[in-house]
Amino acid sequence: MADPIHHRVIVLGSGPAGYTAAIYAGRANLKPVVIQGLQPGGQLTITTEVDNFPGFENGTQGPELMQKMEAQAARFGTEVIFDTVMKCDLSKRPFTLYCDSDDVYTCDTLIISTGASARWLGLDAEKRLGGFGVSACATCDGFFYKDQEVAVVGGGDTAVEEALFLTNFAKKVYVIHRRDALRAEKYMQDRMFANDKVEPVWDSVVEDILGDPGAGGVTALKLRNVKTDAISELPINGVFIAIGHQPNTEPFGDQLEKDDSGYLITKPDSTATSIEGVFAAGDVQDSIYRQAVTAAGSGCMAALEAERFLAAQEGDATRK
Ligand code: NDP
C-alpha cells in the first residue's frame, strides 16, 4: 500500500457542490484537494443548456459552467485529482480514503459532495442492452437516433428535458409515464405538449425491453397499462430511462447516518453529518431541491463549517 498523502481538507466529487466548497476552502487558504470521482464535473456535464443558474441571462452550457467552476477553484489553490475513492475509514481522525489508483489519502476534515446517479428500472434487459439502445443520458447518446423512434421513461423535469432534447434528432419521442399527469414544471410541460414529435403514453409501465445486443439492439418496449393491465408492444429504436436519481454513498458503507432513501443526513441548518469533521453538500444529502444552485450553496456552507471545525481543533491543540 502506498504511503498516505495528508491534506487538511479533502472534497469528494466535482459537481457544483464540490467546486464551490473548494473555492471557499481555497480562499480560506486551506489548500483543498478535490478528488473528482467517476464523472468529473458531475451531472451538469451531461446536460446541455442550464437556464436557471443565476448570472447567465441567456443561459449557459453545463460542461462550460463546470469548467469555469474548476478553473475558479484552481485559481484559489485547489489541487484537482482525477481518481475515485472506493472506501474510507471515518472511525478516527485523520480520516483515511482509499482510491481506485491504490493511492491513500488522509485528511483532517472531509467534504462529501459525491452527488447522485441515474436510477434504473431494475430490469435485466437494462444491463443486457445497456449501450445497445438503453441509456440514461440523452445528451450523451441522443445523436445516434437521427430520424428514429425513441422512448423516454419518467414524468419529471429530467424526462421532459430529455424528451425535448431528443426531438432534435429523433422523428418521434414517446414519453412513458406511470400516471396520467406529469410531475415536471408547468413551463416544461407546456413546451413538451407544444412539440408535435412528442407523444405521451399515460398510465403505463415498462415490463420489458426487447431486442438483441448482437442484432441492432433495442427493437420494442413491452408496456403494461396500470389501469387495465393490458400488455402492448411499442416498436422503438432506443429507450432513455429518466426516473430520478440515487445518492452516491457506496464508499462510506454504513459509517454515516442516512435516510430511508439512502441520502446522507445532515444536521438542521448545517452540512454536518453524524461524524464530527465530515460534512456533506449537494445532491448526496438533498433529496428535495437537487439544483445546481442549491448544491453550490450547500458546498459553500460545508467549506465554512469545515474551516470553523479546523480552527476549533487547532485552537484546542494550542491550548493543550
Ligand atoms: P423526479 O424524482 O422529479 O421524477 C422522477 C419521475 O420518474 C417521476 O415522474 C416518477 O413518477 C417517475 N418514476 C420514478 N420511479 C419510477 C419507476 N420505478 N417506474 C416508472 N416511473 C418512475 O426526478 P427528475 O430526475 O426528473 O428530477 C430530479 C430533480 O431535478 C427535480 O427536483 C427536478 O425539478 C430537477 N430538475 C430540474 C431541471 C431544470 O430545472 N431544468 C432539469 C432536470 C431536473 P411519479 O411522478 O409517478 O412519481
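What counts and what doesn't
- Residues numbered from 1 in each chain as written.
- Predicted model: local features only at pLDDT ≥ 70, side-chain atom pairs only at ≥ 80, totals over all residues.
- Heavy atoms only, no water.
- Salt bridge = Lys/Arg side-chain N within 4 Å of Asp/Glu carboxyl O.
- Buried < 20%, exposed > 50% of the residue type's maximum accessible area, 1.4 Å probe, protein only.
- Helix = DSSP H or I, 4+ residues; strand = E, 2+ residues; numbered from the N terminus.
- Pairing = 2+ DSSP bridges.
- Expected span 1.5 Å × (residues − 1).
- Arc of directions from axis to C-beta.
- Contact = heavy atoms within 4.5 Å.
- Near = heavy atom within 4 Å.
- Polar contact = N/O pair within 3.5 Å; in protein donor to acceptor, adjacent residues only side chain to side chain.
- Areas by Shrake-Rupley, 256 points an atom, 1.4 Å probe, with all protein chains shown as cover.
- Nonpolar A, V, L, I, M, F, W, Y, C, P; charged D, E, K, R; others polar.
- Axes fitted to C-alpha atoms, helices over the stretch in contact; angles between N-to-C directions.

(A) Region of the structure containing the pattern of salt bridges. The final tally for this structure, using the stated rule, is nine salt bridges. Put simply, Lys92 and Asp89 hold a salt bridge, and the shortest N to O gap is 3.3 Å. On the basis of relative accessibility, which here comes to 52%, the residue Lys92 falls in the exposed class. In this structure, Asp229 and Arg224 form a salt bridge, with 3.0 Å as the shortest nitrogen-oxygen distance. Residue Asp229 is classed as partly exposed on the basis of its relative accessible area, which comes to 49%.

(B) Quick peek at the pairing of strand β11 (residues 149-153). The buried fraction of β11 is high, at four of five residues. Bridging between β11 and strand β12 (residues 172-176) involves five bridges; their strand directions are parallel. Across the sheet, the residue bridging to Val153 is Ile176, located in β12. Two elements, β11 and strand β17 (residues 238-241), share four bridges in a ladder whose sense is parallel. Counted as the bridge partner of Ala151 is Val239 from β17.

(C) Looking closely at helix α2 (residues 62-75). With 14 residues, α2 should reach 20 Å at 1.5 Å per residue; the first-to-last C-alpha distance of 20 Å fits that figure. Within α2, burial applies to Gly62, Leu65, Met66, Met69 and Ala73. Take α2 and look down its axis: the buried residues cluster within an arc of 95°, on one side only. Exposed and oriented more than 90 degrees from the buried face of α2 are Gln67 and Arg75. Those residues of α2 that are buried are in contact with α1 (16-27), β3 (49-50) and β4 (60-61). Looking one or two residues beyond α2, the residue adopting positive phi is Gly77, at roughly 90°.

(D) The site of the ligand, seen in detail. Taken together, 20 residues lie around the ligand, and Asp157, Thr158, Arg178, Arg179 and Arg183 are the ones closest in. A distance of 2.5 Å separates an oxygen atom of the ligand from a polar side-chain atom of Asp157. For the ligand, whose free accessible area comes to 910 Å², the fraction covered by protein is 79%. Per-element accounting of the shell around the ligand gives the leading share, three residues, to helix α5 (residues 157-166). The residue makeup of the shell around the ligand, split by class, is four nonpolar, nine polar and seven charged.

(E) The arrangement of helix α6 (residues 186-193) in detail. Every buried residue belonging to α6 is among Met188, Gln189 and Met192, and all of these are buried. On an axial view of α6, the arc spanned by its buried residues comes to 100°, and they lie on one face. Along α6, exposed side chains directed more than 90 degrees from the buried face belong to Lys186 and Tyr187. Elements in contact with the buried residues of α6: α5, β12 and β13 (198-201).

(F) Region of the structure containing the sheet that holds strand β16 (residues 231-235). Across the sheet, three strands lie side by side as β14-β15-β16; this open sheet has antiparallel pairing. Of all strands in the sheet, those bounded by a partner on one side alone are β14 (204-212) and β16. Averaged over all pairs of adjacent strands, the angle between strand axes in this sheet comes to 25°, irrespective of strand direction. Bridge count between strand β15 (residues 217-225) and β16: five bridges; the pairing is antiparallel. Bridge pairing links Leu221 to Leu234 in β16.

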